Amino acid sequence: MSKVTLETIFKHRVTQKYLQRSGVNHAVSVAYNAFDLAAERGVSVDLAAKAALLHDMGHYEWYRDGKWDYEEYRRHDIHAIKGAERAHKLLIRLGEDRLVAKEVSLAVLLHTDSYLPFDVEGKRTELQKVVAEADTMDEQPGGMHHYKEMSRQEAIKLLRKLDIKIADYLAGDARHPTTG
Ligand SMILES: [Fe+2]
């Protein structure tokens, strides 16, 4: 098993703080989607699930005159940049391998290109594609996917299960290195 598990990442106070804003249910669902897509395509399931879990941790709130203003938020949105920075800092703090932290951070940075002045379509790595697609699979109209409920206990239970799936997959991979 990777030394930094999804469960460890999830339980950290920094993750707890930021995932409350963007939605725990969405983060866990996207992590599961990313595992499936990564396994299908021979992409690292460990990196894909970590990037997916953390992809929206850069979400922040934009208030104008004390009121939430979605239009202003969209116009000034840099959540993917903030998320990439936060995910990197968190993973390094947890003792994650530096290359893993960098790859995960880049996948968070490019999970959407709605904030960029250019199109990244066709330029993403396989890992970055997996994370972007896993996110899109869970999206609901009006951003409702950010409001789906999931208790802390349920999230921990599901992430523990996913950690085991990842460990089993990687163990299988080691036994059959050519099946990727
Ligand atoms: Fe998302």
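Scroll up a little and you will see the structure.
Since this is a predicted model, take the numbers as computed values, not measurements. (Residues numbered from 1 in each chain as written. Predicted model: local features only at pLDDT ≥ 70, side-chain atom pairs only at ≥ 80, totals over all residues.)

A.B. asks: How should I be thinking about the overall build of the protein chain in this particular structure?
C.D. replies: Secondary structure assignment for the protein chain yields nine helices and two strands. Its helices and strands taken in sequence order, the protein chain reads α-α-α-α-β-β-α-α-α-α-α from the N to the C terminus. The globule rule puts the C-alpha radius of gyration for 180 residues at 16 Å, and the 16 Å found for the protein chain is close to it. Counting only C-alpha atoms, the protein chain reaches 60 × 40 × 30 Å along its principal axes. Across the 180 residues that make up the protein chain, the buried fraction comes to 39%. A fraction of 71% describes how many contacts in the protein chain between residues 6 or more apart in sequence connect residues 24 or more apart. (Helix = DSSP H or I, 4+ residues; strand = E, 2+ residues; numbered from the N terminus. Rg over C-alpha atoms; globule rule 2.2 N^0.38 Å. Buried ≥ 20, exposed ≤ 12 C-beta atoms within 10 Å, placed from the backbone. Contact = placed C-beta atoms within 7 Å.)

A.B. asks: Is there a simple way to explain the environment of K129 in this structure?
C.D. replies: Within the element layout of this structure, K129 appears in helix α8 (residues 126–138). Since 21 C-beta atoms lie within 10 Å of it, K129 is described here as buried. A C-alpha to C-alpha distance of 8.6 Å links K129 and L110, two positions 19 residues apart in sequence.

A.B. asks: Could you clarify how one ought to interpret helix α3 (residues 24–41) in this entry?
C.D. replies: For an α-helix the count is 3.6 residues per turn, leaving residues at separations of three or four pointing the same way. Across its 18 residues, α3 extends 26 Å between first and last C-alpha, which sits within 8% of the 26 Å expected from 1.5 Å per residue. Of all 18 residues in α3, 13 are buried; the element is thus mostly enclosed. Backbone geometry just after α3 places G42 at a positive phi near 70°. (Expected span 1.5 Å × (residues − 1).)

A.B. asks: For this particular structure, what's the right way to read the nonpolar core?
C.D. replies: The tendency in soluble globular proteins is for nonpolar side chains to be buried as a group. The biggest cluster of nonpolar side chains holds 47 residues, and the ones touching the most others in it are A31, A34, F35, A48, A49, A52 and V131. Looking at this core, the elements that each hand over two or more residues are α1 (6–11), α2 (13–22), α3, α4 (45–54), α6 (79–93), α7 (98–109), α8 and α9 (152–175). At ten residues, α3 tops the list of elements feeding residues into this core. If sequence neighbours within four positions are ignored, A34 has contacts with A48, A49, A52, V130, V131 and A134. (Core = buried A, V, L, I, M, F, W, Y, C linked by C-beta atoms within 7 Å.)

A.B. asks: Before we go on, may I ask you to explain the packing of α7 against α8 in this structure?
C.D. replies: Helix packing for two helices is described by the angle between their axes and how far apart those axes are. Where α7 meets α8, the closest approach of the two axes is 9 Å, and the angle between their N-to-C directions is 50°. Taken together, the axis directions place α7 and α8 in an arrangement best described as oblique. In this structure, the crossing between α7 and α8 has a hand that is right-handed. In contact with E103, L106 and A107 of α7, α8 contributes L127, Q128 and V131. Here the residues of the contact of α7 with α8 are counted per class, giving four nonpolar, one polar and one charged. (Axes fitted to C-alpha atoms, helices over the stretch in contact; angles between N-to-C directions. Parallel < 35°, antiparallel > 145°, perpendicular 65-115°, else oblique. Left-handed = near helix turned anticlockwise from the far one by under 90°. Nonpolar A, V, L, I, M, F, W, Y, C, P; charged D, E, K, R; others polar.)

Honestly, it's all geometry; don't read function into it.
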